[in-house]
Structure formats: C-alpha cells, structure tokens
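Structural overview
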Amino acid sequence: KAGVTQTPRYLIKTRGQQVTLSCSPISGHRSVSWYQQTPGQGLQFLFEYFSETQRNKGNFPGRFSGRQFSNSRSEMNVSTLELGDSALYLCASGLWASSYNEQFFGPGTRLTVL
Amino acid sequence: KQEVTQIPAALSVPEGENLVLNCSFTDSAIYNLQWFRQDPGKGLTSLLLIQSSQREQTSGRLNASLDKSSGRSTLYIAASQPGDSATYLCAVCAGGTSYGKLTFGQGTILTVHP
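It should be emphasised that the depicted structure is a prediction, and the values quoted were computed from it without experimental measurement.

1. Remarks on the interface of chain A and chain B
- Contacts between the two partners involve 23 residues from chain A and, on the opposite side, 21 residues from chain B.
- For the pairing of chain A and chain B, the buried interface totals around 1,900 Å² over both sides, and the portion due to carbon and sulfur atoms is 54%.
- Put simply, chain A and chain B have 0 salt bridges between them.
- Here chain A and chain B share 7 residue pairs in polar contact (both at pLDDT 80 or more) between them.
- For the side of chain A that touches chain B, the elements supplying multiple residues, two or more each, are strand E4 (31-38), strand E5 (42-50) and strand E9 (87-94) of chain A.

In structure tokens, the structure reads:
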C-alpha cells in the first residue's frame, strides 16, 4: 500500500510569490491535515479536511488556504510569500472514522522563500 | 488551549541501554496520543497510538503508556540501538469534533552511540 505522497519535495520562491503544494493520502483515507514545521515553532497545525470540507483551522493568516478534492487529494496554497514562511510543510492522512485515527505523514515539502 | 511538553529535550545513551522519554499534556480531554519518530529532514513515522481508554501499547522494543488523568505518557525503548537515533515526538488529538488535529510537543532528540 503506497504511503502519503507530497509534491513537490523542494521549492524555492521569492517574497511576494504564491505557491501550491499537493498531498495524496493513503488509499482509502478520507482526511488530510496540514502542518508547518520550523526550528523555532516546531510542528503547528494548519488545517484539516474531511470529505472536501475544512473541519478545523489553525492560527495562521488568511494567506494560507487549502482545499480537498473528491478523490481525497488535497492542496494548500500560500499567497504573498514572506521569508518566515520558509519551512517544512507536512501533510498527514487518516481514516477519520473514530477516535482511533492514526495519522500517517508524508515526506514533506521543503519551502525556501528568498 | 492544549499544550504538550516533552522531557528531556535531548538524550545521549550508549547502545544497549533501556530508556524512557516523557510527554505531558495540559488538557486530559483527548481522543488519543500518538508517538512519532522523525529522522533529519524527513517526515514523521508513526510508532504507536494509544486511545484515551487504553493504558499502554507495545510494538517490538517500544512500549508506550498513558495516564490520562495526570496528563502523562511515557515511551520506553528497550535495548537501544544506533538506528534508534532520531527525534521522538508525542502528539495528542484533543476531543471535540476533530479527529485529525494533533498538538505536538517539541520533541526529544535521541542519540544512541555505539
């Protein structure tokens, strides 16, 4: 069974640009969550999708947005990039069927903003 | 607001030693607690998930316990090996309507030297 895949693996952008990251969950998983990881703040929750609906959102500015498609694949978009957006962006997938919702993470997308 | 703390921040042990990593959380209203390992620059690998109704889970040389009332969990690693060197993260899934939002600790950096 294939794991969670994320594309691209690496990105270099300049301030002011926008970026779109993609996440494909494990087959059969219907929930996707996104996290930002930085050395200073650690892992912080961005948002969570289930059945194409955003179920929860973390404390990030509106420049961060996402969506989920009918095949459970998800994208997140960051507009007007800032230097502080440089981070490892991780997505996780799960069944979301109950409290036994083990989360499986992808390899991440390393975003560098210059 | 849920807060997760991990102690110690770093640990260095000789190969073969048994060790314990600690995790505490402030709000006991959780669905589950999950332990992950992360190798440098990589995504997270799920190690163990303990549901709120469980006291412990075991997988190979790993044993995780949960005391929800006191807001604590421990990860016990038996007979440590150099390949166990990584950052270990604990994360709680809080109650409410979300099964996919995890709150992470800052992690324990484990080094096992030959």
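2. Notes on the sheet that holds strand E6 (residues 56-59) of chain B
Residue and element names in this part refer to chain B.
- Across the sheet, which stays open at both edges, the 5 strands sit in the order E1-E3-E8-E7-E6 with antiparallel pairing between neighbours. The strands lining the two open edges of the sheet, one partner per strand, are strand E1 (4-7) and E6. Each adjacent strand pair in this sheet contributes to an overall mean axis angle of 15 degrees, direction not counted.
- Of the pairings in the sheet, the one linking E6 to strand E7 (residues 62-67) comprises 4 bridges and is antiparallel in character. Among the inter-strand pairings, glutamate 56 is bridged to a residue of E7, identified as serine 65.

3. A look at the pattern of salt bridges
All names here are of chain A.
- Across all of its chains, the model carries 6 salt bridges over all chains by this definition.
- Note that glutamate 82 and arginine 63 form a salt bridge whose closest N and O atoms lie 3.6 Å from each other. Pair noted here: glutamate 82 is in the loop between strand E8 (74-78) and E9 and arginine 63 is in the loop between strand E6 (53-57) and strand E7 (64-68), with a separation of 19 residues, a long-range link.
- According to the relative accessible area criterion, glutamate 82 is partly exposed, its value standing at 42%.

Calculation rules
- Residues numbered from 1 in each chain as written.
- Chains lettered and ligands numbered in written order.
- Predicted model: local features only at pLDDT ≥ 70, side-chain atom pairs only at ≥ 80, totals over all residues.
- Heavy atoms only, no water.
- Contact = heavy atoms within 4.5 Å.
- Buried area = accessible area lost by both parts, 1.4 Å probe.
- Salt bridge = Lys/Arg side-chain N within 4 Å of Asp/Glu carboxyl O.
- Polar contact = N/O pair within 3.5 Å; in protein donor to acceptor, adjacent residues only side chain to side chain.
- Helix = DSSP H or I, 4+ residues; strand = E, 2+ residues; numbered from the N terminus.
- Pairing = 2+ DSSP bridges.
- Axes fitted to C-alpha atoms, helices over the stretch in contact; angles between N-to-C directions.
- Buried < 20%, exposed > 50% of the residue type's maximum accessible area, 1.4 Å probe, protein only.

By themselves, these are just geometric observations and shouldn't be taken as functional.
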